[in-house]
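Survey of secondary and tertiary structure
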Amino acid sequence: MVTGGTRGLGFAIAREFLNEGMSVVCASRTPGDFKVLEEECPDRVRYWQTDVTSPESVAGLMRAAVDLFGRLDVVVANAGVNRDGKVERLDPADWDVMVGTNLTGVYLCTHAAVPYLRESGGTIINVSSSMATRITVGAAGYCATKAAVEMFTRVTAIELGRYGIRVNALAPGILAEGMGKELIQNDRIWEKYRKRFALGRVGDVAEAARAAVFLASDDASYVNGDILEVNGGLQWA
Ligand SMILES: NC(=O)c1ccc[n+]([C@@H]2O[C@H](COP(=O)([O-])OP(=O)(O)OC[C@H]3O[C@@H](n4cnc5c(N)ncnc54)[C@H](OP(=O)(O)O)[C@@H]3O)[C@@H](O)[C@H]2O)c1
């Protein structure tokens, strides 16, 4: 199950999971590009309308995933939003949207999935960001929610380890699709940022998605409570 599995990074994660032979439920408020996945893999992918800020909606999603495919093995809490704004002009409503989606949404996914993951011995991947640990002026709300996601990941990994449930976070740098797109679309901004990337380029969403495949797989059977950074070598300041 991938929240935000209909666009950007979540779409790429869903696609990589499908390529691995898994069955996938993509959850978001609107179907986005879901049709593309459905055309590629009609038997193994389903869309489930979900608002990750709502406890009832997320509980319904986890039940639906089990009803649709019989079990729940992997939960990717990827849905996220960014609202730009220095703190003085950051609107309280925008703050609430970021906290509700990026942080409460992650908590609700873990909370609702645990009973099913205890049965399957499954795993959770929370999507963070390099900005969780790097000061980004104008993004206090986004940075704060992602930092909180990383600590939530570390604590829940310890709490849930006794059930055989691994919990890790994936922290991408800047990717060429989704939220990261803006950076490379504006030549002036990209010239300013380019020197921060050791590889001289932003990442492809598929490159971050492959890291999610690793975290979900048995190859990562002893990886728990980790924050896996996938940023091509990022020197932020
Ligand atoms: N792209 C990057 O450069 C980058 C870098 C670091 C981290 N990340 C992280 O990667 C994740 C995905 O970002 P992205 O760049 O792929 O963004 P995106 O293209 O804007 O996609 C966001 C996804 O989340 C869904 N979503 C948003 N609010 C939701 C809600 N309340 N309930 C359910 N679904 C919701 C969206 O669908 P609906 O709007 O239809 O609900 C969409 O599918 C985020 O957590 C982001 O912080 C991205």
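So, here is what we can say about the structure in this document. This one's a predicted model, so the numbers in the text were calculated from it and none came from an experiment. (Residues numbered from 1 in each chain as written. Predicted model: local features only at pLDDT ≥ 70, side-chain atom pairs only at ≥ 80, totals over all residues. Heavy atoms only, no water.)

1. Considerations on the pattern of salt bridges
- Under the criterion given, the structure shown has eight salt bridges.
- A salt bridge links R71 to D73, with the nearest nitrogen and oxygen atoms 2.7 Å apart.
- Given a relative accessible area of 48%, R71 falls into the partly exposed group.
- A salt bridge links R201 to E207; its shortest N-O distance comes to 2.8 Å.
- E207 sits in the partly exposed class, given a relative accessible area of 37%.
- Taken together, the shared-partner salt bridges connect E16, E20 and R210 into one network. (Salt bridge = Lys/Arg side-chain N within 4 Å of Asp/Glu carboxyl O. Buried < 20%, exposed > 50% of the residue type's maximum accessible area, 1.4 Å probe, protein only.)

2. So, the site of the ligand
- Taken together, 30 residues lie around the ligand, and R29, T30, N78, Y142 and M179 are the ones closest in.
- T30 is positioned with one of its side-chain polar atoms (N or O) 2.4 Å from an oxygen atom of the ligand.
- In the environment of the ligand, an oxygen atom lies 2.5 Å from a nitrogen or oxygen atom belonging to the side chain of Y142.
- Against a free-state accessible area of 880 Å², the protein chains account for coverage of 94% of the ligand.
- Put simply, the parts of the chain that give the shell around the ligand at least two residues each are α1 (8-19) and α5 (140-161).
- Along the lines of polarity and charge, the residues of the shell around the ligand split into 10 nonpolar, 15 polar and five charged. (Near = heavy atom within 4 Å. Polar contact = N/O pair within 3.5 Å; in protein donor to acceptor, adjacent residues only side chain to side chain. Areas by Shrake-Rupley, 256 points an atom, 1.4 Å probe, with all protein chains shown as cover. Helix = DSSP H or I, 4+ residues; strand = E, 2+ residues; numbered from the N terminus. Nonpolar A, V, L, I, M, F, W, Y, C, P; charged D, E, K, R; others polar.)

3. Focus on the pairing of strand β4 (residues 74-77)
- Of the two faces of β4, the one lined by V74 and V76 and the one lined by V75 and A77 are each fully buried.
- Bridge count between β4 and strand β5 (residues 123-127): four bridges; the pairing is parallel. Within β5, the position partnered with A77 by the bridge is N126.
- Each parallel crossover has a hand, and the one from β4 via helix α4 (residues 92-120) to β5 is right-handed. (Pairing = 2+ DSSP bridges. Right-handed = clockwise from strand over helix to strand, strands pointing away.)

4. Describing the packing of α1 against helix α8 (residues 205-216)
- Running from N to C, α1 and α8 cross one another at 55 degrees; their axes reach a closest spacing of 8 Å. Relative to α8, α1 is oriented oblique. Every pair of crossing elements has a handedness; the one defined by α1 and α8 is right-handed. Of the residues in α8, those touching α1 at G8, L9, A12, I13, E16 and F17 are V205, A206, A208, A209, R210, A212, V213 and A216.
- Split by residue class, the contact of α1 with α8 holds 11 nonpolar, one polar and two charged. (Axes fitted to C-alpha atoms, helices over the stretch in contact; angles between N-to-C directions. Parallel < 35°, antiparallel > 145°, perpendicular 65-115°, else oblique. Left-handed = near helix turned anticlockwise from the far one by under 90°. Contact = heavy atoms within 4.5 Å.)

5. What to know about α8
- Between its terminal C-alpha atoms α8 stretches 17 Å, which fits the 16 Å expected from 12 residues at 1.5 Å a residue.
- Looking at α8, one finds that the buried residues are V205, A208, A209, A211, A212, V213, L215 and A216.
- The N-capping residue of α8, defined by a side-chain oxygen 2.8 Å from the backbone nitrogen of A206, is D204. (Expected span 1.5 Å × (residues − 1).)

6. Comments concerning the side chain of T50
- Along the chain, the position of T50 falls in the loop between β3 (45-49) and α3 (55-69).
- Overall, the relative accessible area of 3% leaves T50 in the buried class.
- Sequence-distant contacts of T50, defined by excluding residues within four places in its chain, comprise A27, S28, R29, S57, V58 and L61.

7. With respect to the environment of R162
- Inspection of the secondary structure assignment puts R162 in the loop between α5 and β6 (166-172).
- Each C-alpha atom of the pair R162 and R118 lies 9.6 Å from the other, and the pair is 44 residues apart in sequence.

8. Considerations on α3
- Its 15 residues give α3 an end-to-end C-alpha distance of 22 Å, which sits within 8% of 21 Å, the value for a rise of 1.5 Å per residue.
- Every buried residue of α3 is accounted for by S57, V58, G60, L61, M62, A64, A65 and V66.
- Next to the buried residues of α3 lie β1 (2-3), β2 (24-28), β3, β4 and α4.
- Among the residues trailing α3, G70 stands out with phi positive, at a value near 90 degrees.

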